[in-house]
Each structure stands twice: as C-alpha cells, then as structure tokens.
Amino acid sequence: QSNEMWGGRFASGPDAIMEAINASIDFDKRLYREDIAGSTAHVAMLADRGVVSQEDAAEIRRGLEAILAEIEGGTFTFSRQREDIHMNVEARLAELIGPAAGRLHTARSRNDQVALDFRLHVRSAFDDLDRALRAFQDALLARAEEHADTVMPGFTHLQAAQPVTFGHHCLAYVEMAARDRSRAQDARRRMNESPLGAAALAGTGFPIDRHQVAEALGFAGPTRNSLDSVSDRDYAIEFLSVAAITATHLSRLAEEIVIWSTPQFDFVRLSDAFSTGSSIMPQKKNPDAAELVRAKTGRINGSLVALLTVMKGLPLSYSKDMQEDKEQVFDAIDNLALALSAMTGMVRDLQVNAAKMRAAAGAGFSTATDLADWLVRELGLPFREAHHVTGRAVAMAEERRTALEDLPLEALRELDARIGEAVYGVLSVDASVRSRTSFGGTAPDNVRGQVRFWRERLGAE
Ligand code: ARG
C-alpha cells in the first residue's frame, strides 16, 4: 500500500530498508510542540486570508489541541510509516477531524515546516543555554567573593608562574561564560526570522501573510528569500559553534579540577555528591563528573564538524541530507545542558584547600618578577637588567635549596650592593598579589571590585 501523504503516483509502499533509512520520527518527535504551534499559526493566517474557511480552521485548531494533549499524555502512537513528526501529526489530524485536515498543508511544504520547527527549537535552546550559563556565573561569583584573598599559584605551561587568587581564577571563567552568553544572544537575534511561507522552495501563489505568522510565533519578521529559507541551517551550525566554544571552556575548568583534586596537588576536594569511588580501590575518590564534562566537549565538537560536513556540498535548496541536522543538535543541547549543570554543581560544592594552595603559590620562586620589579622601582635598574640580576638570585636560591625570601641579605648584596632589608617586603606571596592592582589584575581588592561589577551587571539583566 502506497504512502497516505504522497503516494498518489506510487503503486506500492517502500522497502523496509527504505523506511528505516528515511524515517526520522524516532528523533524528530521531539519537535511536536513547535510543529503544532507552527500549524496553529499557519491555519489561523490561512483563515484570516480567506484561503480556508473559519469553520475548517477552527476544526483544525481543535484537532491540533487534541493531538498536543495526546502526545503530552503519552497516548499518541508515533508511526514510522508516517515518517516524521509533520506527517504523524497531520495523519492523526485526519483521523480525528476528517477531510478538513487536508486543508492545513495549503501554501506550505515540509521544507519550510521543518525549517520553522527546528528554528523554534534551536531558539529556545539558545534561551535555555543563556539561563544555564547565568546560573554557572552565579556559582562562580559566590566562590570568587569567598576567595578574593585565597592565594594560589598562577600557572603558565602548568608551572607555577606568579601568585594569583582563587577568586581571580573563578572570575576568569565568569568572563568566558559572559562571552558565551553574548555569542548565544547574538546568534539568536540573527536567526529570529520565520521561514514559513517559503513553501517547497519558491514561495506560493496563495495570498498568505508571512508577517502575521512570524509575529504570532515571536519572530522579528519573515525571512526574505524563499530559497535561502529552506536551505539555511546556519542557525543550527551557529548553535553548535556556541555550544562547542562553551563546552571548551567547561572542559578547561574540568581539566583543572581533575588536576587540582589529585592527591599530588590537593588544592580542592570535590563533594561526595560530585565524585565517585572505585570498585576495587577503597581509598579512591574520582572526579568522574569533571572527566565526563571534558569528554562531552569532544562529542559536541564532533556534532559541529558533522553538521558542517553534511551541509558543505549541498546545492540549494532542500536535500534529505538535512534531516541529519537534528540528532547532532539535540545531542549537543542535552549534553551541554548536562555538562553545565554538573559543572555548576561542582563549583558550588568545591572544598578549597587554602593552605595547600598558599604553600604551592610560594614554591618555584614565584615572586621572582616581584623582585625584578622592586629593582626597577627602588634602584632604577632597566627592567632587562633587573631580570638578569633576579635570575642570578634564583640560581643562588636554587643552589642553596632555599626560597627567594630566605636568601640572606649579604647574598642578595653580592648581586647589587644597594639592595636593602625593604626587599623582603615584596617577596611574600601576599605582598605579590596585593601589588597587582593594575586594572584586571589579581589584587584582592580588584577581585572584590570585579565581583561587585558582575553582580550589578547580572542584576540589571
Ligand atoms: N523529516 C524531514 C527533515 O527532517 C522533513 C522535511 C522533508 N522534506 C522533504 N522534501 N522530504 O528534514
């Protein structure tokens, strides 16, 4: 038996393999709400424009409402024979209300229908992502405030470089999340146009009002080119790009948490709620959630590359290849949401070992730059020369197996006779961070100022 929707010219139905490769209902049923909202707006417009009667439109609307209730109540039977969400809904509509159902698809194609449904879905995904990033920022800000004075090593090349504060480190991620949110908001603004009414690819001869439908669905207006409307998946690619960059940020923090929570570092302890044990080694407490956040990033990056690759060779306008857009995006939506919630929870619960961080901050001659700066400031040495003198002080300390601040004054005076007691004032890690008052620097007062800045800015949203 041939297809109930498009089988007019077909003598027989599809091969089982054809159905298996073609059907998308298993995953695109996720678009049911958007599909029904789109059809509801479409039929209201058709009735207003006199393309269908107000009576038929009312019947169709009632039927669509009933279908929504069936789906949400779990009584709707999804059928692979009916291929996708669009035809599942329409075929059920015909069962419920009879021939009037056949008028719904006037001046519309599945090409603009799916473009609409998917856009609506991606649009709310951008909004959800923005909200989740905001919660992540709030968690980071709380920790930044609490740890404005907590000294830790700042690293380059994963080697202790200069002391910073843990609060400052948390604020770095607040900045990244802010850029991620701004990317999401920017992409959302760009994609907020309605493709419905492009029909198959060329537009339609029916006197439709695309502006009305666009407005009913919360779009800024209709898209301007019918070919582009059904060909465009930029919004999905942009979502995946934003997702991949966001996930990359989460992955870097995850990696830091993995490193910091090793017994070797012991900077932080994860809560029991966000770690796991080993089935053989009773002493273990593993950072599985952080590791999985790191791994989800690989998966999301994969989705971005997958969709770019699907799209790159497609001539205008619609090709069935484009049906492969959804699983990648759905998977990225779900896994990014999970990664963000897990990371927000980890940050909220993290126990900070301030003593361990402070001790590590002082190791590795991390205040050498402070010594060089002091030589410039107090003795008037050119920075390059101060750098060289300090390098010799480090070599000296290394040879004596001692810290910079534990070098005796006579030893320092061998390098420059003008060095006095006062130099010890800049060699501690606290003095070091306190001195970094340049805008954006790690000084505790700066950190508190930045926390206030972000609280105000987020409060004004
Ligand atoms: N299930 C299809 C998709 O997701 C809907 C559009 C089908 N259009 C078509 N011309 N076959 O892309």
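Source: prediction; values computed, not measured.

**Focus on the environment of Arg 401**
So, step 1. Mapped onto the elements of the fold, Arg 401 is located in the loop between helix H15 (383-399) and helix H16 (409-415).
So, step 2. Placed 333 residues apart in sequence, Arg 401 and Leu 68 show a C-alpha to C-alpha distance of 74 Å.

**Some remarks on the UniProt feature "domain: Argininosuccinate lyase C-terminal" (unreviewed entry) in the chain**
So, step 1. With numbering matched to this structure, UniProt assigns "domain: Argininosuccinate lyase C-terminal" (unreviewed entry) to residues 365-433.
So, step 2. With 59% helix and 0% strand, the stretch residues 365-433 has end C-alpha atoms that lie 14 Å from each other.

**Observations regarding the packing of helix H3 (residues 32-48) against helix H4 (residues 54-73)**
So, step 1. Running from amino to carboxyl end, H3 crosses H4 at an angle of 170 degrees, the nearest separation of the two axes being 9 Å. The angle between H3 and H4 falls in the class roughly antiparallel. In this structure, H3 uses Tyr 32, Arg 33, Ile 36, Ser 39, Thr 40, Val 43, Ala 44, Ala 47 and Asp 48 to contact H4, whose residues at the interface are Gln 54, Ala 57, Ile 60, Arg 61, Leu 64, Ile 67, Leu 68, Ile 71 and Glu 72.
So, step 2. The class makeup of the residues in the contact of H3 with H4 is 11 nonpolar, 3 polar and 4 charged.

**Here's the deal with the site of the ligand**
So, step 1. Close to the ligand lie Ser 24, Asp 28, Asp 84, His 86, Arg 110, Asn 111, Val 114, Tyr 318, Lys 320, Gln 323 and Lys 326.
So, step 2. One of the side-chain nitrogen or oxygen atoms of Ser 24 is found 3.3 Å away from a nitrogen atom of the ligand.
So, step 3. A distance of 3.0 Å is found between a nitrogen atom of the ligand and a side-chain nitrogen or oxygen belonging to Asp 84.
So, step 4. Protein chains shield 87% of the accessible area of the ligand, which is 340 Å² for the free molecule.
So, step 5. At 3 residues, helix H6 (residues 110-146) tops the list of elements feeding residues into the shell around the ligand.
So, step 6. Class assignment for the residues of the shell around the ligand results in 2 nonpolar, 4 polar and 5 charged.

**Details of the UniProt feature "domain: Fumarate lyase N-terminal" (unreviewed entry) in the chain**
So, step 1. The feature "domain: Fumarate lyase N-terminal" (unreviewed entry), as given by UniProt, occupies residues 8-302 in the numbering adopted here.
So, step 2. As annotated, residues 8-302 has a helix share of 61% and a strand share of 6%, and its two end C-alpha atoms lie 40 Å apart.

**Topic: the nonpolar core**
So, step 1. Core analysis: the biggest nonpolar cluster contains 102 residues, and Phe 136, Phe 239, Val 329 and Met 343 have the highest contact counts within it.
So, step 2. Per-element accounting of this core gives the leading share, 16 residues, to helix H10 (residues 234-260).
So, step 3. Once residues lying within four places of it in the same chain are set aside, the contact partners of Val 329 are Phe 118, Val 122, Ala 236, Phe 239, Leu 240 and Leu 307.
So, step 4. Grouped together as the second largest cluster of nonpolar side chains are 23 residues, Leu 379, Leu 381, Ala 386 and Ala 411 included.

**Examining the confidence of the model for the chain**
So, step 1. On average, residues of the chain score 96 in pLDDT, and 100% of them reach the 70 mark or higher.
So, step 2. In the predicted complex, the global pTM is 0.94; the interface-specific ipTM is 0.97.

**Overview of the pairing of strand E2 (residues 159-165)**
So, step 1. Bridging between strand E1 (residues 151-156) and E2 involves 6 bridges; their strand directions are antiparallel. Counterpart to Met 152 in the pairing with E2 is Val 164.
So, step 2. In textbook terms, the turn of a hairpin is the stretch between consecutive antiparallel strands, and for E1 and E2 this stretch comprises 2 residues, one of which, His 157, has a positive phi near 55 degrees.

**Focus on the environment of Leu 140**
So, step 1. Tracing the backbone shows Leu 140 in helix H6.
So, step 2. Sequence spacing of Leu 140 and Ala 172 is 32 residues, and the spatial spacing of their C-alpha atoms is 9.4 Å.

**Concerning the pattern of salt bridges**
So, step 1. Taken as a whole and judged by the stated rule, the model has 39 salt bridges.
So, step 2. Here Arg 448 makes a salt bridge to Asp 149, at a shortest N to O gap of 2.8 Å. Here the residue Arg 448 occupies a position in helix H18 (residues 444-459), and Asp 149 occupies one in the loop between H6 and E1, the gap between them amounting to 299 residues.
So, step 3. Asp 149 sits in the partly exposed class, given a relative accessible area of 46%.
So, step 4. A salt bridge links Asp 416 to Arg 418; the nearest nitrogen and oxygen atoms lie 3.1 Å apart.
So, step 5. Shared partners join several salt bridges into a network, and the residues in it are Glu 4, Glu 70, Arg 82, Arg 92 and Glu 95.

**Remarks on unusual backbone geometry**
So, step 1. The amide bond that connects Leu 316 to the next residue, Ser 317, takes the cis arrangement and shows omega of 0 degrees.
So, step 2. Mapping Ser 317 onto the fold places it in the loop between helix H11 (288-311) and helix H12 (325-349).
So, step 3. Phi at Glu 83 is positive, roughly 65 degrees, even though this residue is not glycine.
So, step 4. Its place among the elements puts Glu 83 in the loop between H4 and helix H5 (85-97).
So, step 5. On the basis of relative accessibility, which here comes to 4%, the residue Glu 83 falls in the buried class.

Cut-offs used in this document
Residues numbered from 1 in each chain as written. Predicted model: local features only at pLDDT ≥ 70, side-chain atom pairs only at ≥ 80, totals over all residues. Heavy atoms only, no water. Helix = DSSP H or I, 4+ residues; strand = E, 2+ residues; numbered from the N terminus. UniProt positions renumbered as here; feature names shortened; annotations may be inferred. Axes fitted to C-alpha atoms, helices over the stretch in contact; angles between N-to-C directions. Parallel < 35°, antiparallel > 145°, perpendicular 65-115°, else oblique. Contact = heavy atoms within 4.5 Å. Nonpolar A, V, L, I, M, F, W, Y, C, P; charged D, E, K, R; others polar. Near = heavy atom within 4 Å. Polar contact = N/O pair within 3.5 Å; in protein donor to acceptor, adjacent residues only side chain to side chain. Areas by Shrake-Rupley, 256 points an atom, 1.4 Å probe, with all protein chains shown as cover. Core = buried A, V, L, I, M, F, W, Y, C linked by side-chain atoms within 4.5 Å. Buried < 20%, exposed > 50% of the residue type's maximum accessible area, 1.4 Å probe, protein only. pLDDT = per-residue confidence, 0-100. Pairing = 2+ DSSP bridges. Salt bridge = Lys/Arg side-chain N within 4 Å of Asp/Glu carboxyl O.

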